[in-house]
Amino acid sequence: MKIPFNKPWFAGHEIQHIVNAAYSGHISGNGPYTRKCHSLFEERYGIKKCFLTTSCTDAFEMACLLIGFKPGDEVIMPSFTFVSTANPFLLRGASIRFADSTAAHPNIDVDAMEALITPATKAIVVVHYAGVAVDMDAVMHLAAKHELVVIEDAAHAIESTYKGKPLGSIGHFGMFSFHETKNISTGEGGMLAINDPKYIRRAEIIWEKGTDRAAFFRGETDKYGWVDIGSSFLPSDITAGVLYGQMQQADEIQKKRIEIWNRYYHNLKPLADQGFFELPRIPDYAVNNGHMFYLLMPDEQGRNEMIDYLNANMVQSVFHYLPLHRSKFFTPLHDGRALPNADRFAATLLRLPFFYELPLTIVDMICERIGRFCAAKNS
Ligand SMILES: *Cc1c(COP(=O)(O)O)cnc(C)c1O
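Brief notes about the domain arrangement of the chain
Assigned domains within the chain: domain 1 (13-248) and domain 2 (250-378). On a C-alpha basis, the centres of domain 1 and domain 2 stand 27 Å from each other. Tallying the contact residues gives 42 residues for domain 1 and 34 residues for domain 2. Here domain 1 packs against domain 2, burying approximately 3300 Å² in sum over the two surfaces, 57% of which is carbon and sulfur. A per-residue breakdown of the area domain 1 buries against domain 2 is headed by F80, F98 and N183, which together make up 20% of the total. The tally of links between domain 1 and domain 2 comes to two salt bridges. Linking R44 and D251 is a salt bridge whose minimum nitrogen-to-oxygen distance equals 2.8 Å. At the junction of domain 1 with domain 2, the criterion picks out 19 residue pairs in polar contact (both at pLDDT 80 or more). Of all the secondary structure elements, the ones that give two or more residues to the side of domain 1 that touches domain 2 are β3 (95-99), β6 (161-162) and α9 (237-248).

Some thoughts on the pairing of strand β5 (residues 149-153)
The element β5 is extensively covered by neighbouring structure, given that five of its five residues are classed as buried. Here β5 shows a buried face lined by V149, I151 and D153 and a second buried face lined by V150 and E152. Here five bridges tie strand β4 (residues 121-127) to β5, and the two strands are oriented parallel to one another. Its bridge partner being in β5, V127 is matched across the sheet by D153. Handedness of the crossover joining β4 and β5 through helix α6 (residues 136-146): right-handed. Bridge analysis of β5 against strand β8 (residues 173-177) gives three bridges, and the strand direction is parallel. Directly across from D153, in β8, lies its bridge partner M175.

So, the sheet that holds β4
Taken together, the seven strands give an open sheet; going across it, the order is β1-β9-β8-β5-β4-β2-β3, and neighbouring strands pair in mixed fashion. Every interior strand has two partners, whereas the edge strands, β1 (49-53) and β3, have only one. Within the sheet, the average angular offset between the axes of one strand and its neighbour, ignoring direction, is 20°. As paired strands, β8 and strand β9 (residues 190-194) are joined by five bridges and run antiparallel to one another. Residue pairing for β9: M175 is matched across the bridge by L192. Across the sheet, helix α2 (residues 32-45) is in contact with β1, β8 and β9; its angle to β1 comes to roughly 135°.

Considering the environment of G290
Along the chain, G290 turns up in the loop between α10 (250-273) and β10 (294-296). A relative accessible area of 0% means that G290 is categorised as buried. Between the C-alpha atom of G290 and that of E278, which follows or precedes it by twelve residues, the distance is 17 Å.

As for empty space enclosed by the protein
The rolling of a water-molecule-sized probe over the atoms marks out the regions of remaining empty space. If you walk through the whole model with that rule in mind, you get four cavities of 30 Å³ or more. Space inside the largest cavity adds up to approximately 110 Å³. Looking at the largest cavity, it is lined by 13 residues, and the ones nearest its centre are K7, W9, K182, N183 and R257. Along the lines of polarity and charge, the residues of the lining of the largest cavity split into five nonpolar, four polar and four charged. When we break the lining of the largest cavity down by domain, the ones giving at least three residues each are domain 1 (13-248) and domain 2 (250-378). Taken together, A154, A155, I158, F176, S177, F178, K182, N183 and I184 make up the lining of the second largest cavity. The residue inventory of the lining of the second largest cavity, partitioned by class, reads six nonpolar, two polar and one charged.

Conventions used here
Residues numbered from 1 in each chain as written. Predicted model: local features only at pLDDT ≥ 70, side-chain atom pairs only at ≥ 80, totals over all residues. Heavy atoms only, no water. Domains from an automatic or database assignment. Contact = heavy atoms within 4.5 Å. Buried area = accessible area lost by both parts, 1.4 Å probe. Salt bridge = Lys/Arg side-chain N within 4 Å of Asp/Glu carboxyl O. Polar contact = N/O pair within 3.5 Å; in protein donor to acceptor, adjacent residues only side chain to side chain. Helix = DSSP H or I, 4+ residues; strand = E, 2+ residues; numbered from the N terminus. Buried < 20%, exposed > 50% of the residue type's maximum accessible area, 1.4 Å probe, protein only. Pairing = 2+ DSSP bridges. Right-handed = clockwise from strand over helix to strand, strands pointing away. Axes fitted to C-alpha atoms, helices over the stretch in contact; angles between N-to-C directions. 1 Å grid on protein atoms, 1.4 Å probe; cavity = no way out; pocket = protein on both sides within 12 Å on 5 of 7 lines; lining within 4 Å. Points joined across faces, edges and corners; volume = space filled by probe spheres on them. Nonpolar A, V, L, I, M, F, W, Y, C, P; charged D, E, K, R; others polar.

Have a look at this one:
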């Protein structure tokens, strides 16, 4: 049987919480499990206020409604990311200026970002790629200097930190994803973290379809109605129950994932030292949350040969993002700047199988097959 790239995992607790939610009499959004998840995230990650959403994409859409964009407003973000980092801004009429990655890591090049700021710039988005923190002191400093809103795309980055601070708790907004490919998963799901209190009141309204329903249920008004724009961003309390169950296992999930990551690193280090590929680099200010393990091959052809070789040897490995500035949709909208580092990561990055139930013996076997590919290259 082929070793898959990803395999979702249920710890067992989730099922009990699904059953509890189902019999609780409250299976729509903002029920008991949703509130438990909000408190858990707020306490565990030091976030001011959380809102569970149906996806990380929806968390972005909420943030975009809260910030408010008018045509001409600009947003800076990395090109090497998923479409959901970008789409919500375009939906609100903003323009995107894509920034390059650093040479060493797919994360946005913060030093190069300042040159992209214009009087129309309103926000900057950073993506903590593979759960590795962007230099947030530099980002927050730049944002303060130019009065910009900072959004952390922490879709890969749950349980990761920057100088000891949890990612998603530093920018004005942080976004988490619980898609089945992420460390903590509900199938589909997301969380909007708000760290600037000025957005909280309105977020509650936008989250509940533009009504003051939440205030009503707290007894603050005697009836509720339509008070603002909004949408339906709440997942059912069944989904929240799944998240709660996964979070109860978070320590165990993380321990196992970091073990897998370290095993790959240890096994593959000798081959990297011989120059067959580069291994991921983690700066001193960041930690590793075991989200993914990738190799950087010397060139695109070598990368594709490795994917084909592993495929033929029953191991599914995959490349990652096609830079958004080169997408069919965005190419005509891009200002033409070359983004060579983003291009390089698109051409040379390869992700290895990574999931909770992946046995270390299989990690060893995958590494051995990689070794055989390298040996064949050498002969
Ligand atoms: C997964 C992912 C998203 C989107 O998450 P959804 O929950 O699927 O909407 C956004 N940004 C990045 C970097 C991601 O990896």
